[in-house]
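Commentary on secondary and tertiary structure
Each chain is listed here by its residues.
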Amino acid sequence: MKLIIDDADIKKIKEIYEFYPADGITTNPSIVSKTGRPPYEVLKEIREFIGEEGDLHVQTISQKAEDIVEEGHRIVAELGKTTYVKIPVTQEGLKAIRILSQEGYRTTATTIYTPMQAYLAAKAGADYAAPYVNRIDNLGANGIESVKVMQDIFKKNGFKTELVAASFKNSQQVQELCAYGIGAATLAPDVIKNLVFNPCNEAAIANFKKDFEGLCGEGKTMKDCE
Ligand code: E4P
């Protein structure tokens with residue numbers, strides 16, 4: 001499962017990349033708006049930092065397919081041909097996904113709430129489909145189960161489309177889908193950090209340090225002990 005950062009704040013992105021094996025970035029218009037900066041300025045800075053090989057998913061705004069396609073052309077012209085044009089799944093969005101896919105552009109179908117929306121996105125040729133786990137839960141449905149059904153639909157129908165599940169709020173949601181073999185998860189920086197922080201693990205490490213220092217002296221490590 002690829003580990004993607006769902007944020008456009010370059011400071012937070014650099015911090016996650018320093019410590020975690022991240023594969024790329026997803027953004028949406030709300031995430032970009034939080035930076036308060038011109039979108040292409042922010043996105044070019046991200047592209048420069050992650051390089052051409054890093055996954056970058058950038059969302060379109062338009063409602064009509066022809067306009068979405070034009071946005072896709074500009075996004076890729078500005079940010080490089082490996083950029084995924086992220087398109088909300090509507091009737092017009094599906095048309096745009098099909099056109100851009102046929103033109104050889106990489107696409108990510110987003111705002112997915114149901115397995116059949118994911119199915120249609122895959123049929124239209126999307127490279128990725130982004131279901132919103134926590135938002136599905138908030139509707140009284142089951143986000144994890146819905147994403148598992150989407151994964152089964154993709155595999156059983158032989159679609160090349162991968163899931164990039166989004167809208168996670170806790171580690172349990174991520175773990176369940178990681179164990180199910182989905183293609184990618186995009187997580188807010190705090191959700192990523194919560195995958196490693198654990199009081200039991202910190203207590204165990206503190207205990208090892210105390211025992212070692214009892215043997216070798218305070219501050220000693222394997223670098224400078226006898
Ligand atoms: C990413 O592609 C989605 O836009 C995002 O994860 C939605 O997350 P939210 O429900 O926390 O806003």
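The notes below deal with the structure included here. Keep in mind that this is a model prediction, so the values were computed, not measured.

Attention shifts here to the pairing of strand 1 (residues 2-6). Across the 5 residues of strand 1, 4 count as buried, placing the element largely inside the fold. Of the strand pairs in this sheet, strand 1 and strand 8 (residues 184-187) are connected by 4 bridges, and their pairing is parallel. Across the sheet, residue Leu3 finds its bridge partner in strand 8, namely Ala185. With 3 bridges joining them, strand 1 and strand 2 (residues 24-26) adopt parallel strand pairing. Counterpart to Ile4 in the pairing with strand 2 is Gly24. In this region the chain leaves strand 1, passes through helix 1 (residues 10-19) and returns to the parallel neighbour strand 2; the handedness of that crossover is right-handed.

Moving on, we come to the packing of aromatic side chains. Taken as a whole, this structure holds 5 aromatic pairs when the rule is applied. Ring geometry for Tyr113 versus Tyr132: centroids 5.7 Å apart, planes at 65 degrees, classification edge-to-face. With Tyr113 in the loop between strand 5 (106-112) and helix 6 (115-124) and Tyr132 in the loop between strand 6 (128-131) and helix 7 (133-138), this residue pair connects regions lying 19 residues apart in the sequence. Under the relative-accessibility criterion, Tyr113 is labelled partly exposed at 27%. Members of the aromatic cluster, each reached through a chain of ring pairs, are Tyr119, Phe154 and Phe159.

The rules we used
- Per chain, the residues get numbers from 1 upward, laid out in the order the sequence is written.
- Only residues with pLDDT of at least 70 are given local features in this predicted model, and only at 80 or more are side-chain atom pairs given and counted; all residues enter the totals for whole chains, interfaces and linings.
- Hydrogens and waters are ignored; side-chain quantities use all the structure's heavy atoms.
- Here's how the labels work: a residue is buried when its accessible area is under 20% of the maximum for its type, exposed when over 50%, partly exposed in between, all with a 1.4 Å probe on protein chains only.
- Runs of H or I in DSSP of at least four residues are treated as helices and runs of E of at least two as strands, each being numbered from the N terminus.
- Between any two strands, at least two bridges found by DSSP are needed for them to pair.
- A crossover gets the label right-handed when its path from the first strand over the helix to the second runs clockwise, viewed with the strands pointing away from the viewer.
- For Phe, Tyr and Trp, rings pair up if their centres lie within 6.5 Å, where Trp contributes its six-membered ring, and each pair is then called stacked (planes under 30 degrees apart), edge-to-face (over 60) or tilted (otherwise).

Function-wise, these values are silent; they only describe arrangement.
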